[in-house]
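# Summary of structural features
Letter by letter, the chains look like this.
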Amino acid sequence: MEAERLIAAGRHALAQSGTAMDIVAEAWQAQALAQAIGSHLALCGPQELRSEARGLSEIGGGRGTVSDHPVLGTGGPRAAQLTEVVNPRVALTALGALLGEVGIALVGVACATDEEGLYWQCIEAIDAADESNDRVRGMLRRLAVRERDRPPDAARGRAGPAGSS
């Protein structure tokens, strides 16, 4: 499934989350998706993004893989359905929005809970979402520089067929 569709599904699922644990599960779903998009772009994306994308794919790696996180449940990560990233800029922009929404939702859960374990799960997920969003913003900046430095398209750069005047 295309990245933008998976991101939209994640945003919808986050908006529909009814409990604190649902929000935490969706946060880890979003993190798994960020890692999958990072892996895909590290292998198949524009050359300028590959280093930063590799970093995105590795966020949270020291704590085990996100896909093994217990709150994901038996359904596993939605990110396993990722097949392509058609437009990296659009996908990264949408991913950044999802990660921002996840962070806001997690802050709400962390502030409302009296359960220490849930609080620390939220803090860990907030850190991962924030670090991922930093990488996403870095990749978007690299894409902007690439577009700015690209020579004008030959078709756009001339007024008409050569030799006509």
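Residues numbered from 1 in each chain as written. Predicted model: local features only at pLDDT ≥ 70, side-chain atom pairs only at ≥ 80, totals over all residues. Heavy atoms only, no water.

## Here we look at the overall build of the protein chain
Quick reminder of the rule: Comment: elements are numbered from the N terminus, with helices defined as DSSP H or I runs of at least four residues and strands as E runs of at least two. Throughout, a contact is declared for two residues whenever any of their heavy atoms are within 4.5 Å. For accessible areas, the Shrake-Rupley method is used with a probe of radius 1.4 Å. Any residue's cover is judged against the shown protein chains and nothing else.
Along the backbone of the protein chain there are six helices and zero strands. Of the regular secondary structure in the protein chain, the N- to C-terminal order runs α-α-α-α-α-α. Here the analysis covers contacts within the protein chain between residues at least 6 apart in sequence; of these, 81% occur between residues at least 24 apart. On the protein chain, roughly 9000 Å² of surface is accessible, and the fraction owed to carbon and sulfur atoms is 52%.

## Focus on the packing of helix α2 (residues 20–44) against helix α4 (residues 88–112)
To keep it simple, the criterion reads: Where helices are involved, their axes are fitted lines through C-alpha atoms of the stretch in contact, as for all axes, and angles between N-to-C directions lie from 0 to 180°. If an angle is under 35 degrees, it is roughly parallel; if it is over 145, roughly antiparallel; if it lies from 65 to 115, roughly perpendicular; otherwise it is oblique. Should the near helix be turned counterclockwise from the far one by less than a right angle, the crossing is left-handed, whereas a clockwise turn marks it as right-handed.
Running from N to C, α2 and α4 cross one another at 155°; their axes reach a closest spacing of 10 Å. By the angle between their axes, α2 is roughly antiparallel relative to α4. As for the relative orientation of α2 and α4, their crossing is left-handed in sense. The residues of α4 that touch α2, namely those facing Ala20, Ile23, Val24, Glu26, Ala27, Ala30, Gln31, Leu33, Ala34, Ile37 and Leu41, are Pro88, Leu92, Leu95, Leu98, Leu99, Val102, Ala105, Leu106 and Val109.

## Brief notes about the pattern of salt bridges
What counts here: Basic side-chain nitrogens of Lys or Arg form a salt bridge, by our definition, when they fall within 4 Å of a carboxyl oxygen of Asp or Glu. Relative accessibility thresholds used throughout: buried, under 20% of the residue-type maximum; exposed, over 50%; partly exposed, between the two (1.4 Å probe, protein chains only).
Counting across every chain of the model gives eight salt bridges. The partner of Arg146 in a salt bridge is Glu48, and the shortest N-O contact between them spans 3.5 Å. One end of the pair, Arg146, is in helix α5 (residues 116–149); the other, Glu48, is in the loop between α2 and α3 (50–58), and 98 residues separate them in sequence. The salt bridge partner of Arg89 is Glu147, with a shortest N-O separation of 3.9 Å. Of this pair, Arg89 sits in helix α4 while Glu147 sits in helix α5; the two residues are 58 residues apart in sequence, bridging distant segments of the chain. By relative accessible area, Arg89 is classed as partly exposed at 34%. Residue class for Glu147 comes out partly exposed when judged on its relative accessible area of 34%. Linked through salt bridges whose partners overlap, the residues forming this network are Glu48, Arg89, Arg146 and Glu147.

## What to know about the confidence of the model for the protein chain
Just so we agree on the cut-off: The predictor reports its confidence for every residue as pLDDT, a score running from 0 up to 100.
In this model, the protein chain carries a mean pLDDT of 87, and residues with pLDDT of at least 70 account for 82%. Considering only residues more than four positions removed or in separate chains, one finds that residues 158–165, a stretch of pLDDT under 50, has zero contacts.

## With respect to the side chain of Glu26
With respect to the element layout, Glu26 can be found in helix α2. Ignoring anything within four residues of it in the chain, the contact list for Glu26 reads Gly10, Ala13, Leu14, Ser17, Arg78 and Val102.

## What to know about empty space enclosed by the protein
The test is simple: Both cavities and pockets are sets of points on a 1 Å grid over the protein atoms alone; in a cavity a 1.4 Å probe fits but cannot get out, in a pocket the set is open with protein on both sides within 12 Å along at least five of seven lines, and lining residues sit with an atom within 4 Å of a point. Grid points are joined across faces, edges and corners, and a volume is the space filled by probe spheres set on the points.
With the rule as written, the count across this model stands at one cavity of 30 Å³ or more. Approximately 30 Å³ is the volume attributed to the largest cavity. For the lining of the largest cavity, the secondary-structure elements that each account for two or more residues are α1 (3–16) and α2. When residues of the lining of the largest cavity are assigned to their parent elements, the largest contribution, three residues, is made by α2.

## Let's talk about the nonpolar core
Inside soluble globular proteins, nonpolar side chains tend to come together where they are buried. We count it as follows: Only buried residues count toward a nonpolar core. Its members are Ala, Val, Leu, Ile, Met, Phe, Trp, Tyr and Cys residues joined through side-chain atoms within 4.5 Å.
Counting 40 residues, the largest nonpolar core has Ile37, Leu92, Leu95, Val102 and Leu106 as the members making the most contacts within it. Put simply, the parts of the chain that give this core at least two residues each are α1, α2, α3, α4 and α5. The greatest single-element share of this core, amounting to twelve residues, is contributed by α2. Excluding residues that lie within four positions of it along the chain, Val102 makes contacts with Leu14, Glu26, Ala27, Ala30 and Ala129.

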